Amino acid sequence: ISQFMPDGFFGKNTLYGISRGAEDSFLYPTQIFKIQERERLFKRELLREIDLLEPISYRRNLMRKNYDFITQMCYTDLKTMLVDNILVKVDRASMLNSIEVRCPLLDYRIIEFSFSHLSGDLRIKGGVKKYILKKIAKKYLPPDFSLERKQGFDIPKDIIPKSFILKRLIDFRE
């Protein structure tokens, strides 16, 4: 189904990954450009020197930790998406507005405890993400406090379509 969807269509990469299995459904959507697009983007000399599969291989190797599948995904995101994407966006947005942001749940002791004592069924239960954290928070926060999902800092997909970016990068290469 995904092959018939236009590039940039919401969910296309996820559908492609699902067709390849659970691990790929997690790994594949994190790519900005598909391998074929990267081959068009980079000059041949550079392509001979780099491994286009290395980013996926790196994330796949992180998934080899001795954890259950959900915890493997959390570990992989912690080592990649969090440091290379999410925290960078939060840091830039907060500095732009002169706000000092702290991440107390990223204290190394909490992270170490989490990965050594919490299984995936405490991270996601009945479709509820951050299950154990929300369960504990309910004990200490007012009953009307919302524990629903926060909004992120993504650039709206309709502002700069991926095809436009790819074309500009290819033009820049030449």
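Keep in mind that what you see is a predicted model, and the values were worked out from it rather than measured.

Enquirer: I'd like a description of the pattern of salt bridges, backed by residues and values.
Expert: Throughout the structure, instances matching the rule amount to three salt bridges. For Arg 59, the salt bridge goes to Asp 77, with nearest N and O atoms at 3.5 Å. Here Asp 77 lies in helix α6 (residues 69-96) and Arg 59 lies in helix α5 (residues 54-62), a separation of 18 residues in the sequence. Given a relative accessible area of 7%, Arg 59 falls into the buried group. As a salt-bridge pair, Asp 107 and Arg 109 come within 2.8 Å of each other at their nearest N and O atoms. For Asp 107, a relative accessible area of 23% corresponds to the partly exposed category.

Enquirer: Just give me the short version of a positive patch on the surface, but keep the residues and values in it.
Expert: Residues Lys 125, Lys 135, Lys 138 and Lys 139 make up a contiguous surface patch of positive charge. By the element assignment, Lys 138 lies in helix α9 (residues 131-140).

Enquirer: Can you explain the packing of aromatic side chains? Please cite residues and give values.
Expert: Evaluation of the coordinates by the stated rule reveals three aromatic pairs. Between Tyr 67 and Phe 115, the aromatic rings sit 5.5 Å apart at their centres with planes inclined by 40°, giving tilted as the arrangement. Note that Tyr 67 is positioned in the loop between α5 and α6 and Phe 115 in helix α7 (residues 108-117), a separation of 48 residues in sequence. With a relative accessible area of 14%, Phe 115 lands in the buried category. Consider the rings of Tyr 75 and Phe 115, whose centres lie 5.6 Å apart with planes at 85°: the pair is edge-to-face. With Tyr 75 in helix α6 and Phe 115 in helix α7, this residue pair connects regions lying 40 residues apart in the sequence.

Enquirer: Go over unusual backbone geometry with me, naming the residues and quoting the values.
Expert: With a phi angle near 55°, Ser 98 is a residue other than glycine that sits in the positive phi range. By the element assignment, Ser 98 lies in the loop between α6 and α7. Not every positive phi belongs to a glycine, and Lys 130 is a case in point at roughly 55°. For Lys 130, the location among the structural elements is in the loop between β2 (128-129) and α9. For Lys 130, a relative accessible area of 48% translates into the label partly exposed.

Enquirer: Could you give me a rundown of the side chain of Thr 71, with the residues and numbers involved?
Expert: Following the sequence through the fold, Thr 71 ends up in helix α6. A polar contact of 3.4 Å, which involves the side chain of Thr 71, links it to the backbone nitrogen of Gly 120. Those residues in contact with Thr 71, other than ones at most four positions away along the chain, are Phe 115, Leu 118, Ser 119, Gly 120 and Arg 123.

Enquirer: Quick rundown of the nonpolar core? Include the residues and the values.
Expert: Formed by Leu 62, Tyr 75, Leu 78, Leu 82, Ile 111 and Phe 115, the largest nonpolar core amounts to six residues. The set of elements that each furnish at least two residues to this core consists of α6 and α7. Of all the elements, α6 adds the most residues to this core, at three residues. Setting aside anything within four residues of it in sequence, one finds Leu 82 in contact with Asp 77, Leu 87 and Leu 106.

Cut-offs used in this document
Numbers given for residues are sequential positions, taken from 1 along each chain in its written order. In keeping with the model being predicted, local features are shown solely for residues with a pLDDT of at least 70 and side-chain atom pairs are shown and tallied solely at 80 or more, while totals for entire chains, interfaces and linings include all residues. Neither water nor hydrogens contribute to the side-chain values; these are computed over all heavy atoms in the structure. Salt bridge, as used here: a side-chain nitrogen of Lys or Arg that lies within 4 Å of a carboxyl oxygen of Asp or Glu. Secondary structure counts use DSSP, requiring at least four H or I residues in a row for a helix and at least two E residues in a row for a strand, with both numbered from the N terminus. Remark: exposure states derive from per-residue accessible area (1.4 Å probe, protein chains only) relative to the maximum for the residue type, with buried under 20%, exposed over 50%, and partly exposed in between. Distance thresholds for patches are 9 Å for like charges and 5 Å for nonpolar side chains (Val, Leu, Ile, Met, Phe, Trp, Tyr), applied to residues having over 30% relative accessible area and no salt bridge. For the accessible areas, the method is Shrake-Rupley and the probe is 1.4 Å, while residue cover comes only from the protein chains on display. In this count, Lys and Arg are taken as positive residues and Asp and Glu as negative ones, while His and the chain termini are left out. Think of each charge as sitting on NZ of Lys, CZ of Arg, CG of Asp or CD of Glu. Side-chain rings of Phe, Tyr and Trp, where Trp is taken by its six-membered ring, are said to pair if the distance between their centres is within 6.5 Å; with planes under 30 degrees apart they count as stacked, over 60 as edge-to-face, and otherwise as tilted. In protein, a polar contact means a hydrogen-donor-capable atom and an acceptor-capable atom, both N or O and within 3.5 Å, with residues adjacent in sequence counting only if both atoms are side-chain atoms; elsewhere, any N or O pair within 3.5 Å suffices. Any two residues whose heavy atoms approach within 4.5 Å are treated as being in contact. In this description, a nonpolar core means a group of buried Ala, Val, Leu, Ile, Met, Phe, Trp, Tyr and Cys residues linked to one another through side-chain atoms lying within 4.5 Å.

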